[in-house]
Amino acid sequence: MLIDYAEGMLTSEQREEADRLLALSPELREELEIIRSAFSGLQETVQDTVPEFYFSTFLPRLRQQIDSGKEFSGWSIPYFVESVFRPVVALSIVFVMFTAYQAFHPETLQSPVYALINDCAQEEISDVVNGVVAFPTVESENLFETTLDLESFGIDLFQTQSESELTALLGEQGLEQVMQNLENSSID
Amino acid sequence: MNHPDELQLIEDFNNGNEQAYNQLVLRYKEKIYWIVRRMIPDHDEADDITQNVFIKAYQSLSSFKGDSSFYTWIYRIAINLSLNEIRRKKIRRTFSIDEGIHQFESHDALPLELLEKKERTKQIQEAIERLPDKQKKVFLLRYYEELPYDEIAKILKTSVGGLKANYFHAVKKIGVYLKHEK
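Description of the structure in this document. (Residues numbered from 1 in each chain as written. Chains lettered and ligands numbered in written order. Predicted model: local features only at pLDDT ≥ 70, side-chain atom pairs only at ≥ 80, totals over all residues.)

**Considering the overall build of chain A**
The following threshold applies: Where helices and strands are cited, they refer to DSSP runs of H or I of at least four residues and of E of at least two residues respectively, numbered from the N terminus. Residues with at least 20 neighbouring C-beta atoms inside 10 Å of their own are called buried, those with 12 or fewer are called exposed, and the rest are partly exposed, where every C-beta is derived from the backbone. This entry defines residue contacts through backbone-placed C-beta atoms, with two residues in contact when those atoms are within 7 Å.
Helices and strands together make up the secondary structure of chain A, namely 11 helices and 0 strands. For chain A, the sequential pattern of α-helices and β-strands runs α-α-α-α-α-α-α-α-α-α-α. Burial statistics for chain A: of 188 residues in total, 14% are counted as buried. Contacts in chain A between residues far apart in sequence, at least 24 positions, make up 59% of those at least 6 positions apart.

**Regarding unusual backbone geometry**
Even without glycine at this site, A:Phe53 takes up a positive phi of about 65 degrees. Locating A:Phe53 in the fold gives a position in the loop between helix H3 (26-44) and helix H4 (58-67). The phi dihedral of B:Glu146 is positive, around 55 degrees, even though this residue is not glycine. Considering the arrangement of structural elements, one finds B:Glu146 in the loop between helix H7 (133-144) and helix H8 (149-156).

**Side note on the environment of B:Gln123**
Residue and element names in this part refer to chain B. Topologically, Gln123 is positioned in helix H6 (residues 112-130). Taking the C-alpha atoms as reference points, Gln123 and Glu181, separated by 58 residues in sequence, lie 7.6 Å from one another. Apart from the residues lying within four places of it in its own chain, the contact partners of Gln123 are Leu178 and Glu181.

**Re helix H2 (residues 12-24) of chain A**
What counts here: Expected span, for any helix, means 1.5 Å times one less than how many residues it has.
Between its terminal C-alpha atoms H2(A) stretches 19 Å, which fits the 18 Å expected from 13 residues at 1.5 Å a residue. Among the 13 residues that make up H2(A), 0 are buried, leaving the element largely open to the surroundings.

**Quick look at the nonpolar core**
Inside soluble globular proteins, nonpolar side chains tend to come together where they are buried. This is how the line gets drawn: The nonpolar core is taken to be a set of buried Ala, Val, Leu, Ile, Met, Phe, Trp, Tyr and Cys residues joined by way of C-beta atoms within 7 Å.
Of all hydrophobic cores here, the largest spans 52 residues; its most connected members are B:Ile32, B:Val36, B:Val53, B:Ile74, B:Ala78 and B:Ile174. Per element, the largest residue contribution to this core is 9 residues, and it comes from helix H2 (residues 18-39) of chain B.

Purely spatial values, then, with no claim about function.
As structure tokens, this is what we get:
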């Protein structure tokens, strides 16, 4: 309202009301004084000038830039690219971090079989699966049993481990044994 | 709203008619130059940015959907590019002390009255430059362009009430700055 008052934009009724409020409030009067000094200062400024023929030569110069196919700096990216650029970069960073984390902590995202594999050397696992030796730890035995008890735990082994990966880890014989155990739904 | 002929010009341009784009440039070059120049006082820099605004418009017109008027759309580009330049200049200024020296040197031969006015102009520019981005945009569009609040609201995609508050604070800050600089 003070701005409108200073610019003379109020109706006579509004102006009377503003006058009444101003008479009551020294703070309002001080604010009004500041606003008036701002407008006064703005009016004192030197009018900017442009070189002669600037506007008349603007379009030809612009056309020259466009037609020459000049390489423009970074801002020449189209709008739609700009709008998706930052989210894509952000998602890429998250993806790289996620992948790196996964590479260093594979057990957190892999099946229990993989966790078991991590607990033991590959050859030991093959031997374990083939019944040559006992499980190295109680924990690994529990994990193995858990993995195979699909109906109880709803675990789909092949969502997280491809057959070739399992073959590489367990050996063909080991995998066959696992499959057989899966069919029986029991390790025994 | 868009002028009907502007929508036609945009459609013609998108269909390959370069003359339609030229018409738009001729129509808005001065307005865009002055909105940029209020924010970037140096003519050469303002010229560069004004050209960039129209080049950006040239490259992006195919994505113009006509939700806002053409000049609302191109004003927004002008303001954003100008603010980007101001930010870049602020960073450059942090690393350079030469700029201020050159400004004072160029004033040597001016009459006293003009010198005072130029000094006042410089203070106003500094005061505007110190405003937060939102207040700066509102102030420039309202004071220099004399646009109605509802039009500014379309350009800046904000409410009229908020704009009025921003304008009030911007003017007040300029007043306070000038008072302290006197």
